[in-house]
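# Reading the structure
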Amino acid sequence: TACALPNVSTTNEAVFAMSVLDAFSKEFAAMGTHLQSFKTLGGDINARRYSCSYGDYVWTDSFKVNENHGRIEELWKSVEELATEKRAILKDHIERTALQDKVRLWVKQHKDGADKISAWMAGKQKYLTTKEVIACVADAELQLSLLVAYSQEFRDENTGSFETLKKQGADIHSAEHSGRTQ
């Protein structure tokens, strides 16, 4: 029997499902004591004998006790296997949804960065398309110094924010989850 796959779509849901499994695992481990008591009782029943000068008694149906032991041990093993499989699935869900959360944050940061650069470029485009009125040499020198400052700012922006934005975009595209496949 395959374990029931949890329906999780967020990291919090996956972590919660894992905590439920952890609680189950603790309860299951505690049941180990009961299982041992169950087996001991079965052994005591199978070993029960009474003998005296008036008669003897021996439990003759040890098959039922042994059958119960076999059935319980099979169930126990099956539950252990299912818990192990579910733990692996939940671990994968946690890793995958954490990556999804991380990528969503990167996408938001990427969009915010793109918006900031676009706004900066729109302002610079307006500057570059404005025809300046030059009435004297001082006006021309002022406009040339503004153009030099713009050129430096453009280089700084291109090597700073824009390169960061391109790297972020590459990180988003290369992010992958290589865990369990279903």
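Analysis parameters
Residues numbered from 1 in each chain as written. Predicted model: local features only at pLDDT ≥ 70, side-chain atom pairs only at ≥ 80, totals over all residues. Heavy atoms only, no water. Helix = DSSP H or I, 4+ residues; strand = E, 2+ residues; numbered from the N terminus. Rg over C-alpha atoms; globule rule 2.2 N^0.38 Å. Buried < 20%, exposed > 50% of the residue type's maximum accessible area, 1.4 Å probe, protein only. Contact = heavy atoms within 4.5 Å. Areas by Shrake-Rupley, 256 points an atom, 1.4 Å probe, with all protein chains shown as cover. Lys, Arg positive; Asp, Glu negative; His and termini not counted. Charge placed at Lys NZ, Arg CZ, Asp CG, Glu CD. Expected span 1.5 Å × (residues − 1). Bend = angle between axes of the 7 residues up to and from the residue. Core = buried A, V, L, I, M, F, W, Y, C linked by side-chain atoms within 4.5 Å. Salt bridge = Lys/Arg side-chain N within 4 Å of Asp/Glu carboxyl O. Pairing = 2+ DSSP bridges. Axes fitted to C-alpha atoms, helices over the stretch in contact; angles between N-to-C directions. Parallel < 35°, antiparallel > 145°, perpendicular 65-115°, else oblique. Left-handed = near helix turned anticlockwise from the far one by under 90°. Nonpolar A, V, L, I, M, F, W, Y, C, P; charged D, E, K, R; others polar.

## Focus on the overall build of the chain
- On a plain count of helices and strands, the chain comes out with three helices and two strands.
- Going residue by residue from the N terminus, the α and β elements of the chain occur as α-β-β-α-α.
- Taken over the C-alpha trace, the chain has a radius of gyration of 36 Å; the compact-globule value for 182 residues is 16 Å, which it surpasses by more than 25%.
- With the C-alpha coordinates aligned to their principal axes, the bounding extent of the chain is approximately 135 × 25 × 20 Å.
- Within the chain, buried positions represent 17% of all 182 residues.
- The contacts in the chain between residues at least 6 apart in sequence include a share of 77% that link residues at least 24 apart.
- Working note: accessible area of the chain is about 13500 Å², and carbon and sulfur atoms make up 59% of it.
- Each charge class in the chain was averaged separately, 23 positive and 26 negative side chains, and the resulting centres sit 1 Å apart.

## What to know about helix H3 (residues 137-174)
- In a regular helix each residue adds 1.5 Å, so 38 residues correspond to 56 Å; H3 covers 53 Å between its end C-alpha atoms and thus fits that length.
- At Glu157, H3 shows its largest kink, close to 35°.
- Burial in H3 covers these residues: Gln143, Tyr150, Glu157, Leu165, Gln168, Gly169 and Ile172.
- In this structure, the buried residues of H3 make contact with helix H2 (62-129).

## Describing the nonpolar core
- In terms of nonpolar packing, the biggest core is built from seven residues, these being Val8, Ala14, Ala17, Met18, Leu21, Ala83 and Leu90.
- Of all the secondary-structure elements, those providing two or more residues to this core are helix H1 (11-47) and H2.
- The greatest single-element share of this core, amounting to four residues, is contributed by H1.
- Here Leu21 is in contact with Ala83, Lys86, Arg87 and Leu90, once residues within four sequence places are set aside.

## Overview of the pattern of salt bridges
- Taken as a whole and judged by the stated rule, the model has 10 salt bridges.
- The salt bridge partner of Glu163 is Lys166, with a shortest N-O separation of 2.9 Å. Taken as a pair, Glu163 and Lys166 lie in helix H3 at a separation of three residues, close to a single helical turn.
- Take Lys166: its relative accessible area is 43%, and that puts it in the partly exposed class.
- Here Lys167 ties to Asp171 by a salt bridge, and the two come within 3.0 Å at their closest N and O atoms. Residue Lys167 and its partner Asp171 are both found in helix H3; the two are separated by four residues, about one turn of the helix.

## Comments concerning the pairing of strand S2 (residues 55-58)
- Where strand S1 (residues 49-52) lies against S2, four bridges are found, and the strand directions are antiparallel. In the strand pairing of S2, Arg49 is matched with Val58.

## A look at the packing of H2 against H3
- As a packed pair, H2 and H3 sit with axes 10 Å apart at the nearest point and diverge in direction by 160°. Overall, the two elements H2 and H3 adopt an arrangement that is roughly antiparallel. The interaxial crossing formed by H2 with H3 has left-handed handedness.
- Taken together, the residues that form the contact of H2 with H3 break down as 15 nonpolar, seven polar and four charged.

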